[in-house]
Amino acid sequence: RFDVLIVGAGHGGAQAAIALRMLKFGGSIAIVGDEPEYPYERPPLSKEYLAGEKPFERLAIRPQHFWEEREVSMLLGRRATAVDAAAHVVTLEDGSKIQYGSLVWATGGKPRQLTCSGSELSRIHSVRSRADVDGMIAELDSVRRVAVIGGGYIGLEAAAVLTKLGKQVVLLETLDRVLARVAGEPVSRFYEAEHRAHGVDVRTGIAVECITGEGGAATGVRLGDGSEVPADMFIVGIGIVPAVEPLLEAGAVGGNGIEVDAYCRTSLPDVFAIGDCASHENRFADGLRLRLESVQNANDQATVAARAIAGEAQPYEAMPWFWSNQYDLKLQTVGLSTNHDRVIVRGDPATRSFSAVYLKQGRVIALDCINAVKDYVQGRKLVLEGLSPDASRIANADIPLKELA
Ligand code: FAD
């Protein structure tokens, strides 16, 4: 029996244990994780780790001795398969049962798979875990052409790294622009142009018909217009499906993620859900229920759940932020641009340093800052306070954003 059992040894799970000990929680804590590794940072997987610039050891969220010193039991390489909420018991794949006082569900998500024919062939990779990326790296030497399916952050980051490694990359996106779900049109067009300038063949508005193959290995992507994109490696970055089956089966309310309240409590007694797998009402999206897939959200929700468990409850109100590195471009995002009704471009994209400022009914709700750290730092206040500065002043990059606050 553990006073707190955390399922998922990723960003959220690790931070929940860290926060509990920082709050001087003296009860027993265990983390069950289905990956063999101690908790590690996922963002570098599609960046420095894939590029070979950062060894895996430097991805550790904390050194191994940290967990031992804090008396956090690590049950790694083990998967939770069922929850009995009334009995407060989690069952693992090997049949063993663990009793808990409080349960923190922090399982993230599984990469969404292609469903067309050929999707089971070899040489098709997702980018979610160390094992995924090690699988790619093992094949890289014999790879000349890569097809990346999906123009979200992960697909674009992988395309940037692989291009730098000298591969010929084709990026395939079904919508009419890359980053369509997360950024405004000026940002999408900027990144498309950057990738093309670096030699990536960016194709938007395409349909993936099927994956063609030979001898069990994928050899090409057949598109809706009948054409075929030949490649030796295929990377699928089309989102995740939250890993919440056992909790849903246990009766938790949810669907696309487990529904939680402002304290990360699920509908089940003493069961919390945090991170990529938790759907919550976010005050920076006008209270809309959503799942956020970011390190910020995983860490901050972990702290919220830890506080509730430790008897020092405080609601989740953190401002969303995110980053993405492609080539020498550092994108930093603050706020949530979903549902914006206007985008103002601040600075000249041709200088490769500018910001997109998102408004809703005149209020600043988010910024995407590209190589524009000052805007990112100073723009936070505009979002936090939902200010409505004059649009012509927002657009004037000579006026520091702090003067608009
Ligand atoms: P995870 O970190 O995914 O941890 C969940 C863990 O639970 C995993 O180890 C999983 O295998 C395990 N698990 C699942 N089911 C079970 C089970 N039944 N039993 C036991 N264990 C289970 N965010 C940013 O903010 N900035 C970035 O630049 C950025 N880049 C990214 C790049 C990549 C390639 C990826 C994959 C993600 C990136 N993210 C980025 C997103 C960020 O990593 C996630 O939002 C974050 O990891 C979410 O934390 P989590 O704890 O919810 O899930």
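On a predicted model such as this, the values are computed, not experimentally measured, just so you know. (Residues numbered from 1 in each chain as written. Predicted model: local features only at pLDDT ≥ 70, side-chain atom pairs only at ≥ 80, totals over all residues.)

1. Some remarks on the overall build of the protein chain
Logical step 1: Per the secondary structure count, the protein chain includes 10 helices and 26 strands.
Logical step 2: For 405 residues, the compact-globule formula gives about 22 Å, and the C-alpha radius of gyration of the protein chain, at 22 Å, lands near that figure.
Logical step 3: By its C-alpha atoms, the protein chain is 60 × 55 × 35 Å across when sized along the principal axes.
Logical step 4: Every one of the 405 residues in the protein chain was classed for burial, and the buried ones make up 42%. (Helix = DSSP H or I, 4+ residues; strand = E, 2+ residues; numbered from the N terminus. Rg over C-alpha atoms; globule rule 2.2 N^0.38 Å. Buried ≥ 20, exposed ≤ 12 C-beta atoms within 10 Å, placed from the backbone.)

2. Remarks on the packing of helix α1 (residues 11–22) against helix α8 (residues 295–309)
Logical step 1: Contact pair α1 / α8: the axes reach a minimum separation of 8 Å and the direction vectors enclose 40°. With respect to each other, α1 and α8 are oriented oblique. Here α1 and α8 pass one another in a crossing that is right-handed. Of α8, the residues touching α1 (which contributes H11, G12, Q15, A16, A19 and L20) are V295, A298, N299, Q301, A302, T303, A305, A306 and I309.
Logical step 2: Looking at the contact of α1 with α8 residue by residue, the class counts come to 9 nonpolar, 6 polar and no charged. (Axes fitted to C-alpha atoms, helices over the stretch in contact; angles between N-to-C directions. Parallel < 35°, antiparallel > 145°, perpendicular 65-115°, else oblique. Left-handed = near helix turned anticlockwise from the far one by under 90°. Contact = placed C-beta atoms within 7 Å. Nonpolar A, V, L, I, M, F, W, Y, C, P; charged D, E, K, R; others polar.)

3. Some remarks on the sheet that holds strand β22 (residues 321–326)
Logical step 1: Pairing in this open sheet of 5 strands is antiparallel, and the strands run β22-β23-β26-β25-β24 from one edge to the other. The open sheet terminates on both sides in strands that have one partner only, identified here as β22 and β24 (342–346). Pairs of neighbouring strands in the sheet enclose a mean axial angle of 20°, with direction left out of account. (Pairing = 2+ DSSP bridges.)

4. Description of the site of the ligand
Logical step 1: Lining the immediate environment of the ligand, one finds 35 residues, of which G8, G10, G12, G108 and G275 sit closest.
Logical step 2: Secondary-structure elements contributing two or more residues to the shell around the ligand are α1, β2 (29–33), α8 and β22.
Logical step 3: The class makeup of the residues in the shell around the ligand is 15 nonpolar, 13 polar and 7 charged. (Near = placed C-beta within 6 Å.)

5. Things to note about the UniProt feature "domain: Reductase C-terminal" (unreviewed entry) in the protein chain
Logical step 1: With numbering matched to this structure, UniProt assigns "domain: Reductase C-terminal" (unreviewed entry) to residues 321–405.
Logical step 2: Annotation note: span residues 321–405, helix share 21%, strand share 39%, distance between end C-alpha atoms 19 Å. (UniProt positions renumbered as here; feature names shortened; annotations may be inferred.)

6. A word on the environment of G220
Logical step 1: Position of G220 relative to the elements: it lies in strand β13 (residues 217–223).
Logical step 2: With residues up to four places along the chain from it excluded, the contact list for G220 reads T212, E228, V229, P230 and A231.

7. Remarks on unusual backbone geometry
Logical step 1: Even without being a glycine, E71 presents a positive backbone phi close to 55°.
Logical step 2: With respect to the element layout, E71 can be found in the loop between α3 (64–69) and β3 (72–76).
Logical step 3: The class of E71 is partly exposed, set by 13 C-beta atoms lying within 10 Å.
Logical step 4: Residues other than glycine seldom take positive phi values, yet R352 does so here, at roughly 65°.

8. Structural notes on the nonpolar core
Side chains that are nonpolar tend, in soluble globular proteins, to be buried together.
Logical step 1: Residues V148, I149, A158, A159, F234, I235 and L367 are the most contacted members of the largest nonpolar core, which totals 62 residues.
Logical step 2: The leading source of residues in this core is helix α5 (residues 153–164), at 8 residues.
Logical step 3: Apart from residues lying up to four places away in sequence, V148 is in contact with G155, A158, A159, V169, L171, L172, I235 and G237.
Logical step 4: Among the nonpolar cores identified, the runner-up in size contains 48 residues, and L20, A273, A305 and A308 belong to it. (Core = buried A, V, L, I, M, F, W, Y, C linked by C-beta atoms within 7 Å.)

9. Examining the UniProt feature "domain: FAD/NAD(P)-binding" (unreviewed entry) in the protein chain
Logical step 1: Under the local residue numbering, the UniProt record ascribes the feature "domain: FAD/NAD(P)-binding" (unreviewed entry) to residues 2–302.
Logical step 2: Segment residues 2–302 splits into 23% helix and 31% strand. End C-alpha atoms: 18 Å apart.

10. Examining α5
An α-helical segment advances 3.6 residues per turn. Residues three or four places apart therefore align on the same side.
Logical step 1: Between its first and last C-alpha, α5 extends 17 Å over 12 residues, near the 16 Å set by a 1.5 Å rise per residue.
Logical step 2: Of all the 12 residues making up α5, 10 are buried; the element is thus mostly covered by neighbouring parts of the structure.
Logical step 3: Among the residues of α5, those classed as buried are Y153, I154, G155, L156, E157, A158, A159, A160, V161 and L162.
Logical step 4: Downstream of α5 by one or two residues, G166 has phi in the positive range, about 90°. (Expected span 1.5 Å × (residues − 1).)

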